[in-house]
Amino acid sequence: MISGLGDVLRDHGVGLGKKKAYTDRLDESYEVGWTDTMSREYERIFVDTVRFPNEIYVAYNQYFARYRDASGLKVWEIAATSPKGESVHGHGYGKDGYLYVLCKTQFGKIDTSNGAVTWVDFDKPPYILYGSTMKTITADEAGNIYCEAGEYWSVFKYSSTGKLQWIYATNTVTSNTTDGPHVLKGLPYLLYKAGFTYKIDLATGVATQLSIIPINEIVQHPTNPKIIYTGGMQKIDSETGVVLNYTTVKLGSDTPGGTPAIVGEYVYVPNGTYGLKLKQADVEVLSVFFSGSMKAVNSKGEFYYMSGTTLKKLRFFSKIR
């Protein structure tokens, strides 16, 4: 139970950027919606936003599983093992509604309806071109693939059949910290952060350097898709890179969590070992939830987190007094 957000913020040393803490007092409580103990400790949690809204996918190495959002029933569990015996370099969930597993010279596309895996070879893998290893994978609505190439801070676009389309290699890297690439639904560009943040045209690979700060995970505004909210609690115009509003909160671990979710006038953010409820309009903090490693949140504002080999769903309730 969390009572009195102002007291909580003071007790835990929260720093709020240019925002003040919410002035009303809140009672916060939660109940466990469901719990499942699995055979392994999954490291990634994805929430379906396309084909089966709010269904949950978990991933660890080559293993994937799908869960019903309402009941916690496991629909399927698979081992997406590379036919070439290659190790796994990354997992992803695309804007096309499919899961992806990334290996050295190929990728697996996982049908979320039944867990069937289709393997595709890259015609020109980054390790051959640059001697580099890919780290992340995602897809646009048409199924084109976007990967980041490790130590060269580069973005590669491949067709759904593995044909190389373009490469964008940054030449102004000022930090080893990278975010993305992040494909934005309904927009002709993606965002990628390597020192600076870049807006990269999906068709041509031509990049425009923006000045926004690290973007972490992203959720788009439901009616104005160029406006994004980040896991770092920023509201940004993705077209221009202008930060429209932000809040800074420090509560223990500041490890990035999963993708935020917009529920009505609120934004829910899984971040480190806590979850946040923000006002959508100005990114002002309303509530802070403490309960394990917050790794995902669905479109109803319900959080998911892993505790060892246990996956839990938490339902939160708020009451202004």
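Residues numbered from 1 in each chain as written. Predicted model: local features only at pLDDT ≥ 70, side-chain atom pairs only at ≥ 80, totals over all residues. Heavy atoms only, no water.

Caption draft 1: Region of interest: the overall build of the protein. Scanning the protein for helices and strands turns up two helices and 29 strands. Classification of the 321 residues of the protein by burial places 53% in the buried group. Excluding contacts between residues fewer than 6 apart, the proportion of contacts in the protein whose partners are at least 24 apart in sequence is 48%. (Helix = DSSP H or I, 4+ residues; strand = E, 2+ residues; numbered from the N terminus. Buried < 20%, exposed > 50% of the residue type's maximum accessible area, 1.4 Å probe, protein only. Contact = heavy atoms within 4.5 Å.)

Caption draft 2: Main features of the sheet that holds strand β11 (residues 134-139). As summarised here, the arrangement of the four strands in space is β11-β12-β13-β14, forming an open sheet in which the pairing is antiparallel. Only two strands of the sheet have a single neighbouring strand rather than two, namely β11 and β14 (164-169). Neighbouring strand axes in the sheet, compared pairwise and without regard to direction, differ in orientation by 20 degrees on average. Here five bridges tie strand β12 (residues 145-149) to strand β13 (residues 154-158), and the two strands are oriented antiparallel to one another. (Pairing = 2+ DSSP bridges. Axes fitted to C-alpha atoms, helices over the stretch in contact; angles between N-to-C directions.)

Caption draft 3: Representation of the sheet that holds strand β3 (residues 44-47) within the structure. Taken in spatial order, the four strands line up as β3-β4-β5-β6 in an open sheet, and their pairing is antiparallel. Either end of the sheet is taken by a strand with one partner, and the two such strands are β3 and β6 (74-79). Going from strand to strand, the sheet's axes swing by 15 degrees on average, the running direction of each strand aside. As judged from the five bridges shared by strand β4 (residues 56-60) and strand β5 (residues 63-67), these two strands associate in the antiparallel manner. By the bridge assignment for β5, Val-58 is matched with Ala-65.

Caption draft 4: View of the pattern of salt bridges. Across all of its chains, the model carries 13 salt bridges by this definition. With a closest N to O distance of 3.6 Å, Lys-226 and Asp-237 form a salt bridge. In this pair, Lys-226 sits in the loop between β19 (218-220) and β20 (227-230) while Asp-237 sits in strand β21 (residues 234-237), placing the two residues eleven residues apart along the sequence. By relative accessible area, Lys-226 is classed as partly exposed at 27%. Between Lys-279 and Glu-284 there is a salt bridge, and its shortest N-O distance comes to 3.7 Å. Residue classification places Lys-279 among the partly exposed residues on the basis of a relative accessible area of 27%. Judged by its relative accessible area of 13%, Glu-284 is buried. Within the structure, one salt-bridge network assembled from shared partners comprises Asp-69, Lys-300, Glu-302 and Lys-313. (Salt bridge = Lys/Arg side-chain N within 4 Å of Asp/Glu carboxyl O.)

Caption draft 5: Summary view of unusual backbone geometry. Here the residue pair Gly-180 and Pro-181 is connected by a cis peptide bond, since its omega of 10 degrees sits within 30 degrees of zero. One can find Pro-181 in strand β15 (residues 178-183). Phi is positive for Met-233, which is not a glycine, with a value near 65 degrees. Checked against the element boundaries, Met-233 lands in the loop between β20 and β21.

Caption draft 6: Representation of the packing of aromatic side chains within the structure. On inspection of all chains with the given rule, the structure shows eleven aromatic pairs. Note on Tyr-57 and Tyr-93: the rings are 6.3 Å apart at their centroids and 25 degrees apart in plane angle, and the pair reads as stacked. Taken together, the residues span a long stretch of sequence, with Tyr-57 in strand β4 and Tyr-93 in strand β7 (residues 90-93) at a distance of 36 residues. On the basis of relative accessible area, Tyr-93 is assigned to the buried category, the value being 15%. Aromatic pair Tyr-146 and Trp-166: ring centres 6.2 Å apart, planes at 50 degrees, arrangement tilted. Taken as a pair, Tyr-146 in strand β12 and Trp-166 in strand β14 lie far apart in primary sequence, 20 residues in all. Lying over the aromatic face of Tyr-98, Arg-51 brings its terminal NZ or CZ to 4.4 Å of the ring centre. Directly above the aromatic system of Tyr-189 lies the positively charged group of Lys-199, at a separation of 5.2 Å from the ring centroid. (Phe/Tyr/Trp six-rings, centres within 6.5 Å; stacked < 30°, edge-to-face > 60°. Lys NZ or Arg CZ within 6 Å of the ring centre and 35° of its normal.)

Caption draft 7: Focus on the pairing of β7. Here β7 shows no split at all, with Gly-90 and Gly-92 on one side and His-91 and Tyr-93 on the other all buried. Bridging between β7 and strand β8 (residues 99-102) involves four bridges; their strand directions are antiparallel. Opposite Gly-92, over in β8, you have Tyr-100 as the bridge partner.

Caption draft 8: Region of the structure containing the confidence of the model for the protein. Confidence in the prediction of the protein, expressed as mean pLDDT, is 83, and 81% of residues score 70 or more. Confidence over residues 1-27 falls short of pLDDT 50; this stretch has 71 contacts with residues more than four positions distant or in other chains. (pLDDT = per-residue confidence, 0-100.)

Caption draft 9: Highlighting the pairing of β12. With respect to burial, β12 is a largely interior element, five of its five residues being buried. Burial along β12 is two-sided: Ile-145, Cys-147 and Ala-149 facing one way and Tyr-146 and Glu-148 facing the other are all buried. When β11 meets β12, the two strands line up antiparallel, connected through five bridges. Paired with Ala-139 across the strands is Ile-145, a residue of β12.

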